[in-house]
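Below, each chain spelled out in residue letters.
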Amino acid sequence: MAPLAGATTTAPGWGELTPEQQRILAPLEAEWPKMGPARRNKWIGIAARFPEMTQNDRDRITRRMETWSQLSPEERKKARDQYKRLQKLPTEQRPALRQQWEAYKSLSDDEKDKLRSQPSTRTKSVRGQIPVEWLVPPYLRPYRTALRPPPPQPEPPPQPKPVLPEALYPRF
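No experiment lies behind these values; they were computed from the predicted model shown. (Residues numbered from 1 in each chain as written. Predicted model: local features only at pLDDT ≥ 70, side-chain atom pairs only at ≥ 80, totals over all residues. Heavy atoms only, no water.)

With that out of the way, let us pick up the confidence of the model for the protein. Taken as a whole, the protein shows an average pLDDT of 79; of its residues, 76% reach a score of 70 or greater. By mean pLDDT, helix 7 (residues 132–135) is the weakest element of the protein at 63, and helix 1 (residues 19–24) is the strongest at 91. (pLDDT = per-residue confidence, 0-100. Helix = DSSP H or I, 4+ residues; strand = E, 2+ residues; numbered from the N terminus.)

A word on the environment of Asn41. Tracing the chain through its elements places Asn41 in helix 2 (residues 37–49). If we skip the residues at most four places from it in the chain, Asn41 touches Thr10, Ala11 and Pro12. (Contact = heavy atoms within 4.5 Å.)

Right, let's get into the nonpolar core. Counting 16 residues, the largest nonpolar core has Leu17, Leu25, Leu28, Trp32, Trp43, Ile61 and Met65 as the members making the most contacts within it. Elements supplying a minimum of two residues to this core: helix 2 and helix 3 (55–70). The element contributing the most residues to this core is helix 2, with 4 residues. Residues contacting Leu25, with those up to four places away along its chain left out, are Trp14, Leu17, Trp32, Trp43, Ala47 and Met65. (Core = buried A, V, L, I, M, F, W, Y, C linked by side-chain atoms within 4.5 Å. Buried < 20%, exposed > 50% of the residue type's maximum accessible area, 1.4 Å probe, protein only.)

Moving on to the pattern of salt bridges. With the rule as written, the count across this model stands at 6 salt bridges. Here Glu20 and Arg23 are joined by a salt bridge, their closest N and O atoms 2.6 Å apart. One end of the pair is Glu20 and the other is Arg23, both in helix 1 and 3 residues apart, which spans about a single turn. A relative accessible area of 39% means that Glu20 is categorised as partly exposed. Measuring nitrogen to oxygen at the nearest pair gives 3.5 Å for the salt bridge that ties Glu102 to Lys105. Here the residue Glu102 and the residue Lys105 both occupy positions in helix 5 (residues 94–105), the gap between them amounting to 3 residues, near one helical turn. (Salt bridge = Lys/Arg side-chain N within 4 Å of Asp/Glu carboxyl O.)

Structural data, given as structure tokens:
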């Protein structure tokens, strides 16, 4: 049995795809040569499932491929990083975030522009639901000693009892 550590996966080039796969994956044609084998195989798998999908799902995937192909490399990296951060979000917090996203999507373009132009409020949580610390990877968080409570003060030593003058002189 050959070891898996040295094995490399291969994926077909654009010209090796079937006409049906090329039609489905057409928005990704310009990106295809730049993709690694794992990503190519992922998209080939999606193309294989494409005919069984509902029309809504097919439209959604086509739109996402078109949007992705129009992003710059920096925007793609930012999107991947955001996706990874959201995947690390606790499961119980995801519905609240999804509701907030749906509320944002329902806003008019003017309202969205107004929100985008406001200064970022990263020191607060998102509507009190998700602490900011969960949205920032631990290695990017500043070391904040100022937020830690001060150590408890030691109790002062007890006051010595006063010495009475009579006790200092011997009794005869």
